[in-house]
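Structural characterization, general
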Amino acid sequence: METIVLGIGETLVRDDRHWASWANWLGVPAHTLSALVGAAVAQGRDATDALRVLRPDMDVDEAYLARAAAGRGEHLDESDLYPDVRPALAELRAAGVRVVVAGNGTVRAGELLRALDLPADLVVASDEWGVRKPDPAFFARVVEAAEAEPSATLYVGDHPAYDLFPAAAAGLRTAHLRRGAYGHWWAEHPDVVGTADFRVNALTELVGVVGAEEGRHPAQPAVGAGRPARVSYLRGL
C-alpha cells in the first residue's frame, strides 16, 4: 500500500460539536437533534435530513452562511479529533506511506484542519475541490492526490454510500471504519462486508494492514480482494 486516504467526519473528527452547534442554532435540545440524526442513519438517509425534520423549509446552505455571519460558524480544535488520529497518521508516515486527508467539508473546514498540523502529506476538503462525495469526480481527484495507482491506494471511511461504495467503484482499495453512527449501524450489512477490502475498528489498525500487504506474496489474494462493489447502496443510503 503506497497511499492511504482518509475521510474527515467520523473518521478523523468527532461530529459532536457539529450537531450540538446546529441544535443550539435551531433552539432545540442537543439530544433531540441527535435522536433525529440517528433515525436518519437507521433509515439510510442523509444525516442532514434531521435538520429538515425540525425546519422543513430550511435551506441548509443558507443557514450555514447565516450562522457564520452571526459569528457562530464552524470551529475545530484538537478536542474534536479522535484520540487515535495523530498516532495512527504518524505511524503510517513513519512506515513510508503517503497520508492524505480528503473528505466532505467546507473551505473553512479545510483551513481549520490544516491549522491543526496533522501528520499528513495533504489535507483538503471537498469544497476546495468543488466536488463532494459520493460524486465519482471526487474520487477521481482522490486518485490524483494519492500519487499512486488506485490498486495501491486505500480509502478509509465510515459511510458506506459516501466512502466505501464509490471508492471501490473508482478502483481504490477500501477500509470501512466502524466509527460514528453510520460506521456502527451499517458495519455488518452484507453490502459492506462484501465490498470492503478491510474492516477496522480504529485507525491504529491501518499500520497492520500496510504490513500485511507488504508481506503478501504477489500471487496471494489480499483479504477481501476481488469482491465486487455492491450497487444496492443500502436501500438508497
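What counts and how
- Residues numbered from 1 in each chain as written.
- Predicted model: local features only at pLDDT ≥ 70, side-chain atom pairs only at ≥ 80, totals over all residues.
- Heavy atoms only, no water.
- Helix = DSSP H or I, 4+ residues; strand = E, 2+ residues; numbered from the N terminus.
- Rg over C-alpha atoms; globule rule 2.2 N^0.38 Å.
- Buried < 20%, exposed > 50% of the residue type's maximum accessible area, 1.4 Å probe, protein only.
- Areas by Shrake-Rupley, 256 points an atom, 1.4 Å probe, with all protein chains shown as cover.
- Lys, Arg positive; Asp, Glu negative; His and termini not counted.
- Charge placed at Lys NZ, Arg CZ, Asp CG, Glu CD.
- Arc of directions from axis to C-beta.
- Contact = heavy atoms within 4.5 Å.
- Phe/Tyr/Trp six-rings, centres within 6.5 Å; stacked < 30°, edge-to-face > 60°.
- Lys NZ or Arg CZ within 6 Å of the ring centre and 35° of its normal.
- Pairing = 2+ DSSP bridges.
- Axes fitted to C-alpha atoms, helices over the stretch in contact; angles between N-to-C directions.
- Core = buried A, V, L, I, M, F, W, Y, C linked by side-chain atoms within 4.5 Å.
- Salt bridge = Lys/Arg side-chain N within 4 Å of Asp/Glu carboxyl O.
- Parallel < 35°, antiparallel > 145°, perpendicular 65-115°, else oblique.
- Left-handed = near helix turned anticlockwise from the far one by under 90°.
- Nonpolar A, V, L, I, M, F, W, Y, C, P; charged D, E, K, R; others polar.

Focus: the overall build of the protein chain
Across its full length, the protein chain carries 13 helices and six strands. A compact globule built from 237 residues would reach a C-alpha radius of gyration of about 18 Å, and the protein chain, at 18 Å, matches this within 12%. Its C-alpha atoms put the protein chain at 60 × 40 × 30 Å along the principal axes. Within the protein chain, the proportion of its 237 residues that are buried is 48%. Just so you have it, the protein chain exposes about 10,800 Å², and 53% of that area is on carbon and sulfur atoms. Looking at the protein chain, you have 23 positive and 33 negative side-chain charges, and the mean spots of the two groups are 3 Å apart.

Topic: helix H12 (residues 206–214)
Those residues of H12 that sit buried are Leu206, Val209, Val210 and Glu213. Seen along its axis, H12 keeps its buried residues to an arc of 100°; they face one direction. For H12, the secondary structure elements touched by its buried residues are strand S1 (3–6), helix H5 (85–94), strand S4 (153–157), strand S5 (173–177) and strand S6 (198–200).

So, the packing of aromatic side chains
In the structure shown here, the tally under the stated rule is three aromatic pairs. Here the aromatic cluster, defined as three or more aromatic residues joined through ring pairs, consists of Trp129, Phe138, Phe139 and Tyr155. Cation over ring: Arg179 sits above Tyr82, and NZ or CZ is 4.0 Å from the ring centre.

Examining the sheet that holds strand S3 (residues 122–125)
With parallel pairing, six strands are arranged side by side in an open sheet as S3-S2-S1-S4-S5-S6. Both outer strands of the open sheet, S3 and S6, are each paired with one neighbouring strand and no more. Each adjacent strand pair in this sheet contributes to an overall mean axis angle of 20°, direction not counted. Two strands pair when backbone bridges link them, and S1 and S4 are joined in this way by four bridges, in the parallel orientation. Its bridge partner lying in S4, Thr3 is registered against Thr153. Packing against the sheet, helix H9 (residues 160–169) makes contact with S4 and S5, and its axis sits at approximately 160° to S5.

Details of the nonpolar core
The biggest cluster of nonpolar side chains holds 33 residues, and the ones touching the most others in it are Ile4 and Leu206. The greatest single-element share of this core, amounting to four residues, is contributed by H5. For Leu206, the residues in contact, after removing those within four places along its chain, are Ile4, Leu6, Leu92, Leu154, Val156, Ala175 and Val200. Listed in part, the 21 residues of the second largest apolar core include Leu26, Ala50, Leu51 and Met58.

Brief notes about the pattern of salt bridges
Per the counting criterion, the structure on display carries 17 salt bridges. For Asp80, the salt bridge is made with Arg17, and the minimal N-O distance between the two is 3.0 Å. Of this pair, Asp80 sits in the loop between helix H4 (60–69) and H5 while Arg17 sits in helix H1 (residues 16–26), and the two are 63 residues apart along the sequence. On the basis of relative accessible area, Arg17 is assigned to the partly exposed category, the value being 31%. With a closest N to O distance of 3.2 Å, Arg93 and Asp121 form a salt bridge.

A closer look at the packing of H1 against helix H2 (residues 30–42)
Across the interface, H1 lies against H2 with an axial gap of 8 Å and an inter-helix angle of 120°. Comparing their axes, H2 and H1 come out oblique. Handedness of the H1/H2 crossing: right-handed. Residues Trp19, Trp22 and Ala23 of H1 form the contact with H2, whose own contacting residues are Ala30, Leu33 and Val37. Of the residues in the contact of H1 with H2, the class split is six nonpolar, no polar and no charged.

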